[in-house]
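Tertiary structure, described
Spelled out, the chains give:
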Amino acid sequence: MDEFREEPSKYIWRWTIWSWVCVGVAALIVLLGLTGGGSPTPWIIGAIAVAVIGGVAFGFVPRESLGRPRKPMTTGARRKAARKGPRND
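A few points on the structure. For every chain, the first residue of the written sequence is number 1, and numbering continues from 1 onward in sequence order. Per-residue local features are limited, in this predicted model, to residues with pLDDT of at least 70; the limit for side-chain atom pairs, both in listing and counting, is 80 or more; totals at the level of whole chains, interfaces and linings are taken over all residues. Each side-chain value is derived from all of the structure's non-hydrogen atoms; neither hydrogens nor water enter the calculation.

Observations regarding the environment of Thr35
If you trace the backbone, Thr35 turns up in helix H1 (residues 17-35). For Thr35 and Ala49, which are 14 residues apart along the polypeptide, the C-alpha to C-alpha distance reads 19 Å. Among the polar contacts made by the side chain of Thr35, one reaches the main-chain carbonyl oxygen of Leu31 at a distance of 2.8 Å. Segments assigned H or I by DSSP are reported as helices when at least four residues long, segments assigned E as strands when at least two residues long, and all are numbered from the N terminus. Polar contacts, as used here, are pairs of N or O atoms within 3.5 Å; protein pairs need one atom able to donate a hydrogen and one able to accept it. Residues neighboring in sequence count only if both atoms are side-chain atoms.

Considerations on the side chain of Thr16
Considering the arrangement of structural elements, one finds Thr16 in the loop between strand S1 (11-13) and H1. In this structure the side chain of Thr16 is engaged in a polar contact, spanning 3.2 Å, whose partner is the backbone oxygen of Phe58.

A look at the side chain of Ser19
Among the secondary structure elements, Ser19 is positioned in helix H1. By relative accessible area, Ser19 is classed as buried at 0%. For this analysis, residues touch if any pair of their heavy atoms sits within 4.5 Å. Non-local contacts of Ser19, meaning those with residues more than four positions away in its chain, are made with Trp13, Arg14, Gly55, Phe58 and Gly59. Exposure categories follow from relative accessible area, calculated using a 1.4 Å probe and restricted to protein chains: below 20% of the type maximum is buried, above 50% is exposed, and the middle band is partly exposed.

What follows is the structure in structure tokens.
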């Protein structure tokens, strides 16, 4: 009997900045619903949808990018960065 081996996924889910942005937007939606008068239920449902759908969708990153070493700067990029000066002005 042949064994069925599933290929590992090319993507992995992690908390990213955009996942947190979606959670923050959802919190703002809840606040709008609570302070707007009227029924907060549709606002809460919408906020949960934004947090779950957006947070999950933006959290998928390519698995191969996690272990990849950062590329060194090219000479052109170094010159451009030197012209701009230090980052923390």
